Amino acid sequence: MPELPEVETVRGGLAPVLEGHRLARVEARRPDLRFPLPENFVQALTGATVVALTRRAKYLMARLDREDTLVMHLGMSGRFEIARPDGASRPGQFHYAPDPDPKHAHIVFETEAGTRVTYYDPRRFGYMGLVNTALIDLHPWFAGLGPEPLSGDFDADHLKAAFAGRRQGPKTLLLDQRVVAGLGNIYVCEALHRARISPFRPAGRISKPRLVGLVEAIRAVLAEAITAGGSTLRDYAQADGALGYFQHSFRVYDREGRPCPNAGCKGTIDRQVQAGRSTFFCPVCQK
């Protein structure tokens, strides 16, 4: 499932063609994705202007000049393709993804500028909804979400309070969206390795100085992944069709049996199942 860097990369690709643009035509080719679309979905969006395209956790949010915000989640295989009047554009240094199958083109947005943005989702695990902008923080999708990991609200003091007295490992808690919003399995494994913190150590026993290092590692991993365009996993692709290449920078994720890349460490990357997810780590430098 796309994680924060993938969603942020998609947001960055869509923003230039949607922000400040009026939706001249909206087509819903089926009444549902993972969940049913709102009954007034097409009517509410047609003629609306996208004031801002933002991200919260793993959600894309298109704030409209009306009372609602269009909320979009990519699920496991959702992706957007952009077609401009001068033809489809796929810039970038990455390898291009195969052309999506038209039968999976479920939602089409056309702007007054002539740009067409199509949402494809073969598995239909993604979903869209219209949420009252003034009440969005109270909506079940957003109520209780923790701070954004790249924001000033996410720091060692926050983690120290969230981890206090907890016997669960830090990886389990970092995947809890109430602790921090948007983190997923890949980047938590990577960040813990960089910070040299065991994913299994009781979180409440991790010192504040080490949490400072963990926050820095999380921010660094996310920033690098966003710059690289996310990670190529399953069906994920950027909005321009290019594939993310951060997977070439993975230190531990999916690197079981390889030498630990941390300087001075002679360990070998191991994998264990933790809370139903694969945890990749170095048993030597992440004691």
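Quick note: structure is the one above.
Since the structure is predicted, the reported quantities are computational estimates derived from the model, not experimental observations. (Residues numbered from 1 in each chain as written. Predicted model: local features only at pLDDT ≥ 70, side-chain atom pairs only at ≥ 80, totals over all residues. Heavy atoms only, no water.)

Asks: Would you mind going over helix 1 (residues 4-18) in detail, with residue names and values included?
Replies: Compared with the 21 Å implied by 1.5 Å per residue over 15 residues, the 20 Å span of helix 1 between its first and last C-alpha is a close match. Looking only at helix 1, the buried set comprises Leu-4, Pro-5, Glu-6, Val-7, Glu-8, Thr-9, Val-10, Leu-14, Ala-15, Val-17 and Leu-18. Once helix 1 finishes, Gly-20 follows within two positions and takes phi at roughly 80°, a positive value. (Helix = DSSP H or I, 4+ residues; strand = E, 2+ residues; numbered from the N terminus. Expected span 1.5 Å × (residues − 1). Buried < 20%, exposed > 50% of the residue type's maximum accessible area, 1.4 Å probe, protein only.)

Asks: I'd like to hear about the nonpolar core, residue by residue, with values.
Replies: Ranked by size, the top nonpolar core spans 38 residues in total, and within it Leu-159, Phe-163, Leu-174, Leu-183, Leu-211, Leu-214 and Ile-218 carry the most contacts. With eight residues, the single largest contributor to this core is helix 6 (residues 208-228). Contact partners of Phe-163, with chain neighbours within four places excluded, come to Pro-170, Leu-173, Leu-174, Val-179, Ala-203, Gly-204 and Leu-211. Judged by nonpolar contacts, the second largest core, of 30 residues, contains Leu-53, Leu-60, Ala-62 and Ile-82. (Core = buried A, V, L, I, M, F, W, Y, C linked by side-chain atoms within 4.5 Å. Contact = heavy atoms within 4.5 Å.)

Asks: Please give an account of the sheet that holds strand 3 (residues 59-64) that cites residues and values.
Replies: Within the open sheet, the four strands sit side by side as 2-3-4-9. Their pairing is antiparallel. A strand with exactly one partner marks an edge of an open sheet, and here the two such strands are strand 2 (50-56) and strand 9 (127-132). Recorded for the sheet is a direction-independent mean angle of 20° between the axes of neighbouring strands. Across five bridges, strand 3 lies against strand 4 (residues 68-73) in antiparallel orientation. Bridging across to strand 4, Leu-60 finds its partner in Met-72. Along the sheet, helix 1 makes contact with strand 2 and strand 3, crossing strand 2 at roughly 175°. (Pairing = 2+ DSSP bridges. Axes fitted to C-alpha atoms, helices over the stretch in contact; angles between N-to-C directions.)

Asks: Any chance you could break down the environment of Leu-23 for me, citing the residues and the numbers?
Replies: Secondary-structure assignment places Leu-23 in strand 1 (residues 23-28). Residue Leu-23 is classed as buried on the basis of its relative accessible area, which comes to 2%. Spatially, the C-alpha atoms of Leu-23 and Val-50 are 7.7 Å apart, while their sequence positions differ by 27 residues. Once residues lying within four places of it in the same chain are set aside, the contact partners of Leu-23 are Leu-18, Leu-45, Thr-46, Gly-47, Ala-48, Val-50, Phe-109, Glu-110 and Thr-111.

Asks: Before we move on, can you summarise the pairing of strand 9 with the specific residues and values?
Replies: In terms of burial, strand 9 is a largely internal element, five of the six residues being buried. Relative to strand 9, strand 4 runs antiparallel, the two being bridged by six bridges. Residue pairing in the sheet places Asp-68 in a bridge with Asn-132 of strand 9.

Asks: Please provide a residue-by-residue account of the packing of aromatic side chains, values included.
Replies: Per the stated rule, a full pass over the model turns up nine aromatic pairs. On the numbers, 5.5 Å between centres and 75° between planes, the contact of Phe-250 with Tyr-253 is edge-to-face. You'll find Phe-250 and Tyr-253 in the same group, each marked buried. A network of ring pairs unites the aromatic residues Phe-35, Tyr-59, Tyr-127, Trp-141 and Phe-142 as a single cluster. (Phe/Tyr/Trp six-rings, centres within 6.5 Å; stacked < 30°, edge-to-face > 60°.)

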